[in-house]
Amino acid sequence: MAGCVARRALAVGSRWWSRSLTGARGPRPLCAAGGAGAFPPAATTTTRRHLSSRNRPEGKVLETVGVFEVPKQNGKYETGQLFLHSVFGYRGVVLFPWQARLYDRDVASAAPEKAENPAGHGSKEVKGKTHTYYQVLIDARDCPHISQRSQTEAVTFLANHDDSRALYAIPGLDYVSHEDILPYTSTDQVPIQHELFERFLLYDQTKAPPFVARETLRAWQEKNHPWLELSDVHRETTENIRVTVIPFYMGMRWRYCIRLENLDSDVVQLRERHWRIFSLSGTLETVRGRGVVGREPVLSKEQPAFQYSSHVSLQASSGHMWGTFRFERPDGSHFDVRIPPFSLESNKDEKTPPSGLHW
């Protein structure tokens, strides 16, 4: 199974490498192109699995960076677990897990039942299901290869000064769903290049995985918990385009992360966004515009996903959002993709903003 999942990671995560399979069994080493700053998303091979280059920079060679493990179907990954992202193809390390409530409107469509609708709007009622997500660090060598498909500074925080609107971001911090984790091991004591890796994790060869949390990581997690915590995830598919929304409360301001995935082989391009934002103060705001965060991403079989985050403020303590994305097909026709409605709940009113990143 690990080999099959890794094949998908290769197909969608890298424009540099293709692979021929001969059905061999055995260990599955991870390989990447060598050279400073020239690491594409990792790939798999064995003595009978071969990699061939496409548009490989001259002089770059493959070097082994680790060995794949079988993905966990049950349970969760521990702090220090190395992984390859099955969609975006980057290398990363798990910092700690979050238990979220996943509201999947596709499941509600397949098996309708009356249940809680957390957003309070829309024709489908969905029941939340517990699902594991992870706070992770992204290998800085892979950031240039995913910057057009995923923001590497998307996780923002409240800053430590009087202006509560001020934000700061930690580059290379992400949230990853359990099924997106392709675990691997490495003999390298510093396998991930990120400025926080050695500040957060300590190598201990007696442990599995051999990277354990430092007190610095535990203190940082506790201090920033209210603004990092992932509690609700909303998902819906329209015309084979799946939209996943994760909202975060940040003190009279909300951050929301959105992932768009093309589940089909047809190429489509995001052209417009249409948001409706309702505040419990009684206001309803409509926002229309071209693309998202200044981009109009193309979703194809080779690069099927795009992820970004943004912020919204309300005139009340709570509200909710919903809307549509308009996509264009190669023949010029358009179709609208629903954004699942999601709540903006200020359920951490007793918390105070974190005091920033200190060591």
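Calculation criteria
- Residues numbered from 1 in each chain as written.
- Predicted model: local features only at pLDDT ≥ 70, side-chain atom pairs only at ≥ 80, totals over all residues.
- Heavy atoms only, no water.
- Phe/Tyr/Trp six-rings, centres within 6.5 Å; stacked < 30°, edge-to-face > 60°.
- Helix = DSSP H or I, 4+ residues; strand = E, 2+ residues; numbered from the N terminus.
- Buried < 20%, exposed > 50% of the residue type's maximum accessible area, 1.4 Å probe, protein only.
- Salt bridge = Lys/Arg side-chain N within 4 Å of Asp/Glu carboxyl O.
- Pairing = 2+ DSSP bridges.
- pLDDT = per-residue confidence, 0-100.
- Contact = heavy atoms within 4.5 Å.
- 1 Å grid on protein atoms, 1.4 Å probe; cavity = no way out; pocket = protein on both sides within 12 Å on 5 of 7 lines; lining within 4 Å.
- Points joined across faces, edges and corners; volume = space filled by probe spheres on them.
- Nonpolar A, V, L, I, M, F, W, Y, C, P; charged D, E, K, R; others polar.

As annotated in an unreviewed UniProt entry, the protein chain is Polymerase delta-interacting protein 2 isoform X2 from Panthera pardus.

Undergrad: Any chance you could break down the packing of aromatic side chains for me, citing the residues and the numbers?
TA: One pass over the structure, following the stated rule, counts 15 aromatic pairs. Relative to Phe211, the ring of Phe197 has its centre 5.5 Å away and its plane inclined at 70°; by these criteria the two rings are edge-to-face. Here the residue Phe197 occupies a position in helix H4 (residues 197-200), and Phe211 occupies one in strand S14 (residues 211-213), the gap between them amounting to 14 residues. Residue classification places Phe197 among the buried positions, given a relative accessible area of 1%. On the basis of relative accessibility, which here comes to 2%, the residue Phe211 falls in the buried class. Judged by centre distance (6.0 Å) and plane angle (90°), the rings of Trp275 and Phe342 are edge-to-face. Separated by 67 residues along the polypeptide, Trp275 in strand S18 (residues 268-279) and Phe342 in strand S23 (residues 334-345) bring together distant segments of the chain. Accessibility expressed as a relative area gives 3% for Trp275, which makes it buried.

Undergrad: Residue-level account of the pattern of salt bridges, with values.
TA: Across all of its chains, the model carries 15 salt bridges by this definition. With a closest N to O distance of 3.4 Å, Arg242 and Glu261 form a salt bridge. On the criterion of sequence distance, the pair formed by Arg242 in strand S16 (residues 241-249) and Glu261 in strand S17 (residues 254-262) is long-range, its members being 19 residues apart. Overall, Arg242 belongs to the partly exposed group, its relative accessible area being 22%. Between Asp336 and Arg326 there is a salt bridge whose closest N-O contact spans 2.7 Å. In this pair, Asp336 is assigned in strand S23 and Arg326 in strand S22 (residues 318-328), connecting sequence segments ten residues apart.

Undergrad: Can you tell me about the pairing of strand S21 (residues 305-312), naming the residues and giving the values?
TA: Along any regular strand the residues' side chains alternate between the sheet's two faces. For S21, the buried fraction is high: six of the eight residues fall into the buried class. Both S17 and S21 contribute to a ladder of eight bridges, which runs antiparallel. When the bridges of S21 are listed, Leu260 appears paired with Phe306.

Undergrad: Account for the confidence of the model for the protein chain, naming residues and giving values.
TA: Across the protein chain, the average pLDDT comes to 78, with 70% of residues at 70 or higher. With pLDDT under 50 throughout, residues 34-56 is counted as low confidence; its partners more than four residues away or in other chains account for 84 contacts. Taken as a whole, residues 112-122 scores under 50 in pLDDT and shows 26 contacts with residues more than four places along the chain or in a different chain.

Undergrad: An account of the layout of surface pockets is needed here, citing residue identities and associated values.
TA: Taken as a whole, the second largest pocket encloses approximately 240 Å³ of empty space. Looking at the lining of the second largest pocket, the elements that each hand over two or more residues are strand S11 (173-177), S16 and S17. With four residues, the single largest contributor to the lining of the second largest pocket is S17. Here the residues of the lining of the second largest pocket sort into seven nonpolar, four polar and seven charged.

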